[in-house]
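Architecture at a glance
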2 protein chains.
Amino acid sequence: MDDRDVLYRRVAADLREAVAGGVYGSDGRLPAESALAEHYGVSRGTIRQALALLRAGGVVTSRRGTRRVVLGAAPAQSFAELLSFTTWARSIGEEPGGVLESLTVRPADEEELTRLRLRPGTQVYAALRLRTLSGRPVMIERTAYPSRVGRIVAALPADTVSYTERLLGHGIVFADAEHTIDLAFADPDDARLLGCPEGAALLRERRRTTDPAGRPVEWSEDRYLPGTVAFTVHNSIATSTLSRLRSAAQQPGQ
Amino acid sequence: MDDRDVLYRRVAADLREAVAGGVYGSDGRLPAESALAEHYGVSRGTIRQALALLRAGGVVTSRRGTRRVVLGAAPAQSFAELLSFTTWARSIGEEPGGVLESLTVRPADEEELTRLRLRPGTQVYAALRLRTLSGRPVMIERTAYPSRVGRIVAALPADTVSYTERLLGHGIVFADAEHTIDLAFADPDDARLLGCPEGAALLRERRRTTDPAGRPVEWSEDRYLPGTVAFTVHNSIATSTLSRLRSAAQQPGQ
DNA sequence: GAGTGGTCTAGACCACGGT
DNA sequence: CCGTGGTCTAGACCACTCT
C-alpha cells in the first residue's frame, strides 16, 4: 500500500482505524493536535496533514476553539476502487464480469473531441461493454479512449475483466476524474444487453479521467440498472467538490 | 466574501481567476511555487495551501518533478450554493419557488433516528415541499429537522422561499454534508405535485447535513424530475470523496 | 484565562521529471 | 544534472470555544 511509505498517511490510516474501531466513540472528541503529535512522535504539521485527509473524507469535523468531533466511519473508497468496476465488485464480495460487445476505431464525435481534448478528425477507440455482478447484468459502459490508450485496450484478450488494471500495468495512470451523474433512458442497445424495456430509466455516470500530466485517458458513459448502485459524496464548507448542474437529458418515450 | 480575509484564499481566488481568464492557457503550466511565493510576497507554505484548494476543485494537477498543469476552469459551486436550492436557482438565472405542502411534528422513524442521531421516540419536524424553477415544478423535498432546528422552520412564514438562508440568520450553520445519489420512482405524492405519472423515474438525492460541532441539522430526500439537474463531482487519486455503493432502491411499479 | 485549531513563516531534505 | 513539487520540522501568533 502507498499508505505505508509516507508519515502522514500512516498516521491518517491509524487514526481512521481508531475511529472505525470506536476508540473515540461516535460523536466523541479526538485528542488535541499537540497530543497526537507527541503520541506519534511527529510534528504538528504532519498531524494536520493526516487530519486534513480525515476531514475531507467526512470522518471528523474541525473548527477553531474545540477538539475535532467524530462524524462517522468513512465509507469512501480509494480512487482506484471507484474507477474500476472490477475492484469495486470484489470489495463488495461479488464476482465481476465484462463482455466486450464492440470495439471500433472511428473519428471522434463532437463530445469526444472536447472531453478528450483532441483535434478534429482524430480517431478514438470506442468500446461498448456489458458489466455483470455474479452473472447478472448491471451496467452498460461506453468508453472512448485516445489512441495512445486505445491501442493498448485493443490488444487485450476479449475476456479481459479489468481494463483499468491492465492499463495500469502498461503505465497508464489514472489521477483525476470529473463525474456527472443524472438519469438516462434505455436505447435499443441498452435494452437488449441489460434486459430492460426500451425507454426504461437508468442511472447514468459520465466520467472523464486524466493522467498525472493532465492528459485525458478516457471518456466514459456508464448506465446502471436501477437498484444496483448509488453514489455517495462527502463535502464540507471548507472544500466543496460537488455541484448541481442544469441538465439537458433527453426525455423518456424514446 | 470570506475569501477576502485570509491570505491563502485570496491567493487561491486570484489564481482561479487567472486560470479562468486563460492567462496560462488550457493545458498550460503554472509558474513554480517559489515563483508564485515571490510574486505574491508570501511563503511557499501559503502558496501550497492555495494550490491545494485549486487541486481539490480539479482546476490544476500536481505531481512531483514538473510544474502544475491547468485542467480546466472550476465549475464547482460554493457549499452554500450547493445546499440551497434557492441560491442555486438564482445563480443560473431562474426564479426559485417553494410551496410548503405539509409540516408535521411526529416521532422519528427508524431512518431519521439514525441519520439525525436521535434517541428512540424523539420527535422531528417533517416538511414536504414542492420546489419550482420559474413556476415549473422541478423537485420534491422531504426534510426531517431535529426539534432544535424544526422549531425555527415552523415559525417561518408559509411563503418563505429559502429555509437555508433563514436558518443561517438564526445561527444555524451548515458545515458538512453527506450525499447519496440514485434513482427512485414517483409515489402518489410525487406524481400529484410534480405532474408526472406514478412510477415515473426520478433522480434522488438524499442528504445529511451537520453543523460545525458535528450535530445533524437536517436529513433530506430530494427527488428531481429527469432532465432538470445533474450532479458533478471532482476527485483525484490524492483525495477521493466519492463512493459507489450497492443500492437497495425499490423497483418500479409501486 | 486556558486550551484548541487556523494561519503563516523559514528552512531542510527528498523523489521525481525532464534535459 | 537541475528544477520541481512532496514531505517534515519548529516556532510564532491569532481567533475562537468553553467554563
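Structure: see above.
Just so it is clear, the model here is predicted, and its values are computed rather than measured. (Residues numbered from 1 in each chain as written. Chains lettered and ligands numbered in written order. Predicted model: local features only at pLDDT ≥ 70, side-chain atom pairs only at ≥ 80, totals over all residues. Heavy atoms only, no water.)

What follows covers the protein's contact with DNA strand C. In the vicinity of DNA strand C lie 24 residues, with Arg-44 and Arg-67 of chain A together with Leu-7, Ser-43 and Thr-46 of chain B positioned nearest. Here Gly-65 of chain A contributes a backbone N or O atom positioned 3.2 Å from a base nitrogen of DNA strand C. Between Arg-68 of chain A and DNA strand C, the recorded distance is 3.0 Å, taken from a side-chain N or O atom to a phosphate oxygen. The set of elements that each furnish at least two residues to the surface near DNA strand C consists of α3 (44–56) of chain A together with α1 (7–20) and α3 (44–56) of chain B. A per-class count over the surface near DNA strand C returns 6 nonpolar, 8 polar and 10 charged. (Near = heavy atom within 4 Å. Polar contact = N/O pair within 3.5 Å; in protein donor to acceptor, adjacent residues only side chain to side chain. Helix = DSSP H or I, 4+ residues; strand = E, 2+ residues; numbered from the N terminus. Nonpolar A, V, L, I, M, F, W, Y, C, P; charged D, E, K, R; others polar.)

Now for helix α2 (residues 33–40) of chain A. Within an α-helix, residues lying three or four positions from one another point in the same direction, as the helix has 3.6 residues per turn. Residues and elements named next belong to chain A. Listed as buried for α2 are Glu-33, Leu-36 and Ala-37. With its buried residues spanning 105° around the axis, α2 presents them on a single face. Away from the buried face of α2 by more than 90 degrees, exposed residues Ser-34, Glu-38 and His-39 are located. The elements touched by buried residues of α2 are α1 (7–20) and α3. Immediately downstream of α2, the backbone of Gly-41 shows phi near 70°, a positive value. (Buried < 20%, exposed > 50% of the residue type's maximum accessible area, 1.4 Å probe, protein only. Arc of directions from axis to C-beta. Contact = heavy atoms within 4.5 Å.)

Within the structure, DNA strand D sits among 24 residues, and Leu-7, Ser-43 and Thr-46 of chain A together with Arg-44 and Arg-48 of chain B are positioned closest to it. Leu-7 of chain A is positioned such that a nitrogen or oxygen atom in its backbone is 2.5 Å from a phosphate oxygen of DNA strand D. Contact distances for DNA strand D include 3.1 Å between a phosphate oxygen and a side-chain N or O atom of Ser-62 of chain B. Among the secondary structure elements, those contributing two or more residues to the surface near DNA strand D are α1 and α3 of chain A together with α3 of chain B. Looking at which element gives the most residues to the surface near DNA strand D, the answer is α3 of chain A, with 3 residues. Across the surface near DNA strand D, the residue classes tally to 6 nonpolar, 8 polar and 10 charged.

As a further point, take the packing of α1 of chain B against α3 of chain B. Two quantities define a packed helix pair, namely the angle between the helix axes and the distance between the axes. Residues and elements named next belong to chain B. The geometry of α1 relative to α3 is characterised by a closest axis approach of 8 Å and an angle of 55° between their N-to-C directions. As summarised for this structure, α1 and α3 are arranged oblique, according to the angle between their axes. Viewed along their axes, α1 and α3 form a crossing whose handedness is right-handed. Counted together, Leu-7, Tyr-8, Arg-9, Val-11, Ala-12, Leu-15 and Arg-16 of α1 and Thr-46, Ile-47, Gln-49, Ala-50, Leu-51, Leu-53 and Leu-54 of α3 form the full contact between these two elements. Among the residues making up the contact of α1 with α3, the classes are represented as 10 nonpolar, 2 polar and 2 charged. (Axes fitted to C-alpha atoms, helices over the stretch in contact; angles between N-to-C directions. Parallel < 35°, antiparallel > 145°, perpendicular 65-115°, else oblique. Left-handed = near helix turned anticlockwise from the far one by under 90°.)

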